[in-house]
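Summary of the model geometry
Letter by letter, the chains look like this.
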Amino acid sequence: MKDALTQQACNLWRNGDVVAIPTETVYGLAADAEQDSAVAKIFSIKGRPQFNPLIVHGYSFEQLSSYIEVSPPFEKLANTFWPGPLTIVAHRRKDAKLSYLVTAGLDTVAVRIPAHPIALALLKAYDKPLAAPSANKSNTISPTSATDVITTLKDQIPLIIDGGLTTIGIESTIIDVTTQTPTILRPGGITYENLTNLLGVVKYTSSEEGIKAPGMLKRHYAPSIPMRLNATAKNEREAFLGFGDMSCDKNLSHRGCLQEAAANLFRMMRELDDISFQAIAVAPIPNRGLGVAINDRLKRAAAS
Ligand code: TXA
Ligand code: MG
């Protein structure tokens, strides 16, 4: 039988809410990785000016392998370091039911099985993957105790689960196995030596291709057809991605809600990325709150 706290967390996740959970690295702000709106809530609470892709947490190799393409280096890393402070970036399976906001529209997914017993018990009980960034406001230090989370986010999350001080205290190492030579995107709990001992050659990312610092991802999603921003109407053969009360092909949010627009953004861009259109025209998005992150991604997508 599940204890009351676990039950409460699972109910919140099922209803699209966010719960702070302990992991062995840092506390995470966790939501159902399959629900767009739940994931949008994470970004809203963190106050991130950008949509960086999030780490998808699971409790078993079998569970996570239904979301990603398993490759030989992936399997080696997972068998050696999971559960533990290693995040592996792999290709997203075509049939993966994950929210596109979790991966910021990318075709890769970062996955990890945390070693904290409470995190594992919660993931097992929920039996669906949880997207979780560190449970802090954007540009502040990652939390290593429940008190850290309470101090900054208490009023914004319905449940914070106390698992004591985290044992590692820095974020997980992130390694990308979609590149020819496995690439470390972020140093962390598992060392360079740990990784080279297992895989042979491993390289660090150069700022050109990956993240300069945690959270600074250069790679981003862009549709295969051009995008035209701040459009008030569509031209012939354009698809129109609207916002607010207007007629369009897809509407990010009829009621003009930025959180709803964030939840729909990457999925709708993908849906409109179709050869029957020449371009995607996008209605103006207010540049406040989550609108800043939405406009950041739209600009990047339009620039490619
Ligand atoms: O230890 C940790 O990893 C903690 C705990 C809660 O698990 N989580 C964490 O998440 O540090 P966050 O969101 O603060 O950092 C996730 C990093 C970001 O820098 C993001 O750019 C990168 O992972 N990332 C996520 N998905 C990626 C992908 N598909 N490709 C490249 N980088 C990715
Ligand atoms: Mg973080």
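Description of helix H8 (residues 258-272)
An α-helix turns once every 3.6 residues. As a result, residues three or four positions apart point the same way. Compared with an ideal rise of 1.5 Å per residue, which puts 15 residues at 21 Å, H8 spans 19 Å between its outermost C-alpha atoms and is within 8% of the ideal. Along H8, the residues that are buried comprise Leu258, Ala261, Ala262, Ala263, Asn264, Leu265, Phe266, Met268, Met269 and Leu272.

Regarding the environment of Gly169
For Gly169, the position within the fold is in the loop between strand E7 (159-160) and strand E8 (173-176). For the pair Gly169 and Ser142, spaced 27 residues apart in sequence, the C-alpha separation works out to 8.4 Å.

Thoughts on the confidence of the model for the protein chain
Any segment with low pLDDT has predicted coordinates that should not be analysed in fine detail. Confidence in the prediction for the protein chain averages 92 pLDDT; 95% of positions are at 70 or higher. In the predicted structure, residues 210-216 sits below a pLDDT of 50 and forms 14 contacts with residues beyond four places in sequence or in another chain.

With respect to the packing of H8 against helix H9 (residues 290-303)
One can describe the packing of H8 onto H9 by two numbers: an axis separation of 9 Å at closest approach and a directional angle of 20°. Our classification of the angle between H8 and H9 gives roughly parallel. The handedness of the crossing between H8 and H9 comes out as left-handed. Along the contact surface, H8 presents Leu258, Gln259, Ala261, Ala262, Leu265, Phe266 and Met269, while H9 presents Leu290, Gly291, Ile294, Arg297, Leu298 and Ala301. For the contact of H8 with H9, a count of residues per class yields 10 nonpolar, 2 polar and 1 charged.

What counts and how
Residues numbered from 1 in each chain as written. Chains lettered and ligands numbered in written order. Predicted model: local features only at pLDDT ≥ 70, side-chain atom pairs only at ≥ 80, totals over all residues. Heavy atoms only, no water. Helix = DSSP H or I, 4+ residues; strand = E, 2+ residues; numbered from the N terminus. Expected span 1.5 Å × (residues − 1). Buried < 20%, exposed > 50% of the residue type's maximum accessible area, 1.4 Å probe, protein only. pLDDT = per-residue confidence, 0-100. Contact = heavy atoms within 4.5 Å. Axes fitted to C-alpha atoms, helices over the stretch in contact; angles between N-to-C directions. Parallel < 35°, antiparallel > 145°, perpendicular 65-115°, else oblique. Left-handed = near helix turned anticlockwise from the far one by under 90°. Nonpolar A, V, L, I, M, F, W, Y, C, P; charged D, E, K, R; others polar.

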